[in-house]
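Understanding the architecture of this molecule
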Amino acid sequence: VGTKWDELFAFRERWKHELEKKTKTPRTDSGGFGDAPACRSEDAEPQYVSMESLLDGRTSPLLDRIQEEKVRRKRQYDALNSHGHKLQPQKKPNKKDKLVDQFIQDLNDVNDIPFFDVELPYELALKIFQFLGQTDLGRCAQVSKSWRVLAEDEVLWYRLCLKSGYHSGANISDSPCWKSSLRDSLNAENAERTNWKSRVGSISHLQFELGKILCDVSCFEGLVIAGYTSGDVRLWDTFHRDSRSSCPRSTHQNRDVTPKPHVCHVRVNESVAVAAYEDGSLDVWSTENGLEPIHHQQHLHRVHALALSSTQPTVSTACGSEVRMDSPDDRGYWRTLCLTQLSKPVDHLLMVPGHRPSPLVVASACDSVYLLAPGQDEPRTIHSVYGHPVTCLDVTESQAALGVKRCGWAMNDGGNKIQVYSLETGQLEATVGSSAGDFTCVNLRDGPPHLLACGNKDRRVRVYDLRSGCSAASLYAHHLGVSAVQADDWKIVSGGGEGLVCVWEMRMGAKLWEMHNRHPVRYIWFNTSSLVTANIPDEKTPRGACITDDDLTAHRRHRGIICHYDFSVDSSAVDHVLPICKSSYAESSGYNYNISLSMPYDTLSSPH
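Per an unreviewed UniProt entry, the chain goes by F-box domain-containing protein and derives from Denticeps clupeoides.

Right, dumping it as structure tokens:
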């Protein structure tokens, strides 16, 4: 900006020099033009003021100089009148020049943006400002009034909101001020990050009837689904705190089948919820308006793996070595898109995320990984190394990450590895890790594009940079091995076989806080404001614990637990009171484990 002002002052001096040559009037020491005011009226403006139409509002030093020149000439004119000097006849102004200057000034006010000595159309200037960020737009708004109007254009801040990940899917007319909306979203995100680091928020347990043992848990954007050994399925909406859990009815309940088979797998997305049972049956419910199944399947064998698309109601199941993919058509009738028989039983099954014309499934069977798509006669092999089984799997829209266990002589070549393949080409893109223990979990989908988080039986959580292949963090986390892990751009959440949930700060490699519950942590999911963890027992029928006993409270340690942490709660609010202080203590003691006081404190009256 300083360089532009120097150029502007140099241009002004050159223009004044040319004007002096044209008028043949010598300059005075005070910066004026000799006796030129004697031949002008009081309201007449000097000739060089025509530049004011192009630089109005942008060159404050020039405007001050013009104002000083007007005052000096007015004083000189008054002094001449007081001494009786005869004024020269007034020079007739050029109306054509005045009209042109006024027309140019009107165009500048309506459709042009001044860039010091260049006038640009508003649309072109807006196109240039689209490449600026929040800080640069704030600085440009301090240059001049016209630049401020341009820097605060709603289109620019609307695009910044969408680029930052806020208000996805919103229209530009949904907010009266997108700059304020972005500022509020950033402040809320900073407050939530502070709550994450300090463990400030509310903690709730998503519990079901006593005596039911937890089998599997899945979560999608606030929807939490759980399956139990009683054959029941529960669905919670954690976004609405007052809403209770819904109980979808299974096909076994409609047929009065006893005993009901255990739920082995559950999945949920925005539109449907799916549960697979031990007897090979599968039920699909709508998450919006129904508790009755909208689709039912019956397999010959137990469902070993279940996958659900994140963007559409497409379900994939694996029974032994058979992989099946089903999806509804436009009329709501379910059709089988793919039915493939692999050479070995399937261990892991995942749907490729993202919006695609046809869904894709990645399946691992012992030491091989396959990519399945509708319409293909044979699955495409991504990875296959004899005698090196795949221990964990995760996929993104374009990549697949898998943990490979090396055996025999291959252990001398650096130990177990994590390999990343391209789904489009099937080529190996990166190989990271070197550990003697088996990799138990890997997370590539939720973190930044170049970071991969994984857990190992050697008790460590590691984060690798796929661009360099080096380790970005290595944390000693759980003494019984890491069972679940998820990471984003600044934190890592890990769960271990001992039931401990740890939150780590990635850059410093420090543990922020931890929580402990009985049973291994088998599931972790979080976003910017909430965290869901599930401690699932390995033993579904513990010895000496029958779920039909009368004393159900004796089996609390066998049931497992689902914890929901909400970090969006404002701890400074007046109504932020612990749940125990809101209880009326009217419930009887027993199964709910509430505190029962003989004389509740809120009924006490004391002068002190």
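Don't stop here, the text continues.
Considerations on the confidence of the model for the chain
Here the chain shows a mean pLDDT of 79. Residues at 70 or above account for 72%. Counting interchain partners and residues more than four positions distant, the pLDDT-below-50 stretch residues 550–554 has 6 contacts. Below pLDDT 50 for its whole length, residues 574–578 participates in 5 contacts with residues either more than four positions away or in separate chains.

Thoughts on the sheet that holds strand β13 (residues 322–328)
Pairing in this open sheet of 4 strands is antiparallel, and the strands run β11-β12-β13-β14 from one edge to the other. Two strands lie at the open edges of the sheet, namely β11 (305–308) and β14 (334–341), each paired on one side alone. Taken over all neighbouring pairs, the strand axes of this sheet differ in orientation by 15° on average, direction set aside. As paired elements, β11 and strand β12 (residues 315–319) share 4 bridges and run antiparallel to each other. Pairing of L306 across the sheet is with T317, part of β12.

Notes on the environment of V420
Along the chain, V420 falls in strand β21 (residues 416–422). Once residues within four sequence positions are removed from consideration, V420 is found in contact with Q399, A400, A401, Q427, L428, E429, A430, L452 and L466.

A look at helix α5 (residues 122–129)
Those residues of α5 lying buried are Y122, A125, L126 and F129. All buried residues of α5 lie within an arc of 100° about the axis, which places them on one face of the element.

Details of the sheet that holds strand β19 (residues 390–395)
Across the sheet, 4 strands lie side by side as β19-β20-β21-β22; this open sheet has antiparallel pairing. Taken across any chain shown, the strands that pair with only one partner, and hence form the sheet edges, are β19 and β22 (428–435). In this sheet, neighbouring strand axes are inclined to one another by 15° on average, regardless of whether the strands run parallel or antiparallel. In this sheet, strand β20 (residues 399–404) lies alongside β19 in antiparallel orientation, the contact comprising 5 bridges. The residue of β20 that forms the bridge with V390 is V404.

Definitions and limits used
- Residues numbered from 1 in each chain as written.
- Predicted model: local features only at pLDDT ≥ 70, side-chain atom pairs only at ≥ 80, totals over all residues.
- Heavy atoms only, no water.
- pLDDT = per-residue confidence, 0-100.
- Contact = heavy atoms within 4.5 Å.
- Pairing = 2+ DSSP bridges.
- Helix = DSSP H or I, 4+ residues; strand = E, 2+ residues; numbered from the N terminus.
- Axes fitted to C-alpha atoms, helices over the stretch in contact; angles between N-to-C directions.
- Buried < 20%, exposed > 50% of the residue type's maximum accessible area, 1.4 Å probe, protein only.
- Arc of directions from axis to C-beta.

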